[in-house]
Amino acid sequence: MARNPRYDVLFEPVQIGPVSAPNRFYQTPHATGMGNMMPNSSVALRALKAEGGWGVVCTEYCSIHPSSDETPYAYLSLWDDEDTLQLAATSKAIHAHGSLAGIELWHGGSHSNNRGTREVALAPMAGSAKYIGPTQVKGMDLTDIDRFRGWHRDAALRAQQAGFDIVYVYAGHDYLPFQFLSPLSNQRQDQYGGSFENRARLLRELIEDTREAIGDRCAVAVRLAIDELHGDHGVTSSGDGRRIIEYLGELPDLWDIALGGSLGNDSCSSRFSSEGYQEQYASEVKSLTSKPVVNVGRFTSPDTMVGQIKRGVQDFIGAARPSIADPFLPHKISQGREDEIRECIGCNICRSANNEGSPLRCTQNPTMGEEWRRGWHPENFKPANQPASMLVIGGGPAGLEAALTLGKRGHQVTLAEASSVLGGRVVRESSLPGLQNWIRVRDYRTYMLGQMENVDIYLDSNLSTADIEEFAADAVVIATGCYWRRDGLGASVSSPLSIRENHNLFTPDDIFNGASISGDILIYDDDHYMMAGALAEMFLAAGHKVRYVSPATTVSSWTAMTDEQDFIQSKLLSMGLSTSFSQKIDKIVENCMYTNCIHSEKPIQHTFENLVLVTGRESNDRVFRELNVPAFRIGDCLVPSSIADAVYSGHKFAREYDEDPVSLIAKRERALLQPNTTLHLEDQA
Ligand code: ADP
Ligand code: SF4
């Protein structure tokens, strides 16, 4: 298909200092949870972005020196020549597709715990570290600052040697150069503190050093937190943020504008931000400099992207998450296939991977992170060895993804869904406050399935075991989801409680099925992801008085992994939520829930008008158990988990169906012994 001429502007080349980007699609630096310990996976991931049409592909944060170490989180490093060689593989793979390779040089300052390297942590001022622990950080003296500039310069030279085209000075997300900028972390009395010019001195010097070292061949980019969102005492976009651009605006070759003192603001979830949410900041910078500007905003709509360029908000379309959800987004627009974009839903499961210290995963894109170890490509599928007739039961994320992938492999697929709509849990969950974008999990798949002649979909088809057996498919795939439990079993309770039926006791399923509730609501959360907090928000917005009880010490505690926890708790408290933490359920008798403090065992009674139990879930596997023909379970029917895991489960099943098991063993990154170490297995016998 031909490209819509409306989108031509997105495919114009853009000059960035001495290098030229082939188009405006700019994959900004983003974490992968892979870092220097998973180099093969890293290379394959970035190469795929370039293959998908991103004109600029950047690495994640790359430490310039062992004093910038965030063990156990995965980061790249440019400390020595071996690192240079390793990263050269990334730039080469990106160049192979005609894209520019960018690298984000990083020093974490007081954020670096240095647990791996055991170096002393450095910061503008002596004092507390920005991570919790019994360590403090050393205030940098002028010799430390000189050394730091030397490390940065050396790393820039190595970056150039490794073949990178764009080299970042990273003054965002509260890392070291930003710590010097902010009056909140810099109260030095010398030439690096006090006045604005003094606080900006180190950033200016880093830009100048980098330009002097490599500026003839590489573009020098600055990633700047234009507003740290800590109020008037910190860097604000109308105060010091603006002054930085006025002062240094023409010094680098590109400004990459970030927001906030933490990643949670910059990669804000869709629950708390909409597409293009940073526009006002990017526009302002653009009006103050002649240099190209890039900024993220979870852009997935080509029309919005065109608007960004035409209205002069920025010169590129900055993207991290949209490029994770769909590495081929630029190609799809270029080929007139924009309806096929797998749009990011803004759930931040990708952020949770890094926050948990694990490789990148994505709700929408099950192949993300699997490019090297499983050889999965998001757009290419190995044709079935023997096309078979496949019956998929259940049209939630797992069933839809399985049907789509089986169909792409050439199987004849029939999908039966009991209800009158496709989507399963995403229909329910996307009805919660702020989660509307989650419906994209269904919409992308139903659109794609609608294009396929070898997939038939039947709604209102609650198949019995007899129906399934009679269908006589070559393979039956059960994707019938799960139920929320009503017996108290959850993350902190491992055996069911005896809970008598009570018409004022609800599970999330009851709420989604339209249970009518009046009066005050007690929510007990032993699930810890978004559900209890989102239900609380829904009830508060509808005028209920809501009390939240949990064994955890924060609301929706696991959402700290998706960088949403602060947002959730602040919002709910501002809406009037009352809380009781560290409480583990003991029993429910009539209209009273009894809990014990998890530390002191002290009992508390919570009388309630209505109780919503958000605890564990149980597979809906009745059909599977009663079937007399072999079948495969996938998604929540196999193991209740996140939507991301349900999609992955459906995808993995479909990729692997009828394949030789030996060919399916995932490759592993290996930590290798030194080459001169000789060891023979027989010596160990
Ligand atoms: P998952 O996350 O694993 O995809 P969901 O709960 O989202 O699970 O989806 C399961 C889907 O299966 C729901 O849409 C439900 O209506 C459907 N379903 C459950 N039992 C049957 C059945 N016997 N026949 C057809 N569809 C079913
Ligand atoms: Fe977007 Fe969620 Fe995928 Fe992250 S995990 S890229 S937020 S869909």
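It should be emphasised that the depicted structure is a prediction, and the values quoted were computed from it without experimental measurement.

Caption draft 1: View of the site of ligand 1. Near ligand 1, the surroundings consist of 23 residues, among which Ala398, Glu417, Ala418, Arg425 and Asp636 are the closest. Here an oxygen atom of ligand 1 and a backbone polar atom of Pro397 are 3.1 Å apart. A distance of 2.8 Å separates an oxygen atom of ligand 1 from a polar backbone atom of Ala398. Bound to the protein, ligand 1 loses 91% of the 580 Å² it would expose on its own. Of all the secondary structure elements, the ones that give two or more residues to the shell around ligand 1 are α13 (397-408) and α14 (425-429).

Caption draft 2: Quick peek at the packing of aromatic side chains. Under the defined criterion, the tally for this structure stands at 19 aromatic pairs. Seen from their ring centres, Phe653 and Tyr657 are 5.7 Å apart, and the 45 degrees between their planes marks the pair as tilted. Taking relative accessible area as the criterion, Phe653 reaches 11% and is therefore assigned buried. With relative accessibility at 15%, the residue Tyr657 sits in the buried group. Members of the aromatic cluster, connected to one another through ring pairs, are Tyr61, Tyr75, Trp79, Trp106, Tyr170 and Tyr175. Its guanidinium or amino end placed over the ring of Trp376, Arg374 lies 5.8 Å from that ring's centre, counting from NZ or CZ. Looking at Lys587, its charged tip hangs above the ring of Tyr594, at a distance of 5.0 Å from the centre.

Caption draft 3: Spatial organisation of the pairing of strand β15 (residues 389-393). Burial analysis of β15 places four of its five residues in the buried class, the great majority of the element. Both β15 and strand β16 (residues 412-416) contribute to a ladder of five bridges, which runs parallel. What sits directly across from Ser389, in β16, is Gln412. This β-α-β element, β15 to α13 to β16, shows right-handed connectivity. Looking at chain direction, β15 and strand β18 (residues 475-478) are connected through four bridges and run parallel. In the strand pairing of β18, Val392 is matched with Val477.

Caption draft 4: How the structure looks around the site of ligand 2. Taken together, 13 residues lie around ligand 2, and Cys344, Cys347, Asn348, Cys350 and Cys362 are the ones closest in. Counting residues per element, the ones that place at least two in the shell around ligand 2 are α10 (321-325) and α12 (349-355). When its residues are assigned to classes, the shell around ligand 2 shows eight nonpolar, four polar and one charged.

Caption draft 5: The environment of Ser494, seen in detail. Looking at where Ser494 falls in the secondary structure, it is placed in the loop between β19 (482-484) and β20 (505-506). Accessibility expressed as a relative area gives 72% for Ser494, which makes it exposed. For the pair Ser494 and Val293, spaced 201 residues apart in sequence, the C-alpha to C-alpha distance is 53 Å.

Reading the values: rules and limits
Residues numbered from 1 in each chain as written. Chains lettered and ligands numbered in written order. Predicted model: local features only at pLDDT ≥ 70, side-chain atom pairs only at ≥ 80, totals over all residues. Heavy atoms only, no water. Near = heavy atom within 4 Å. Polar contact = N/O pair within 3.5 Å; in protein donor to acceptor, adjacent residues only side chain to side chain. Areas by Shrake-Rupley, 256 points an atom, 1.4 Å probe, with all protein chains shown as cover. Helix = DSSP H or I, 4+ residues; strand = E, 2+ residues; numbered from the N terminus. Phe/Tyr/Trp six-rings, centres within 6.5 Å; stacked < 30°, edge-to-face > 60°. Buried < 20%, exposed > 50% of the residue type's maximum accessible area, 1.4 Å probe, protein only. Lys NZ or Arg CZ within 6 Å of the ring centre and 35° of its normal. Pairing = 2+ DSSP bridges. Right-handed = clockwise from strand over helix to strand, strands pointing away. Nonpolar A, V, L, I, M, F, W, Y, C, P; charged D, E, K, R; others polar.

Remember, this is a structural readout, not a statement about activity or role.
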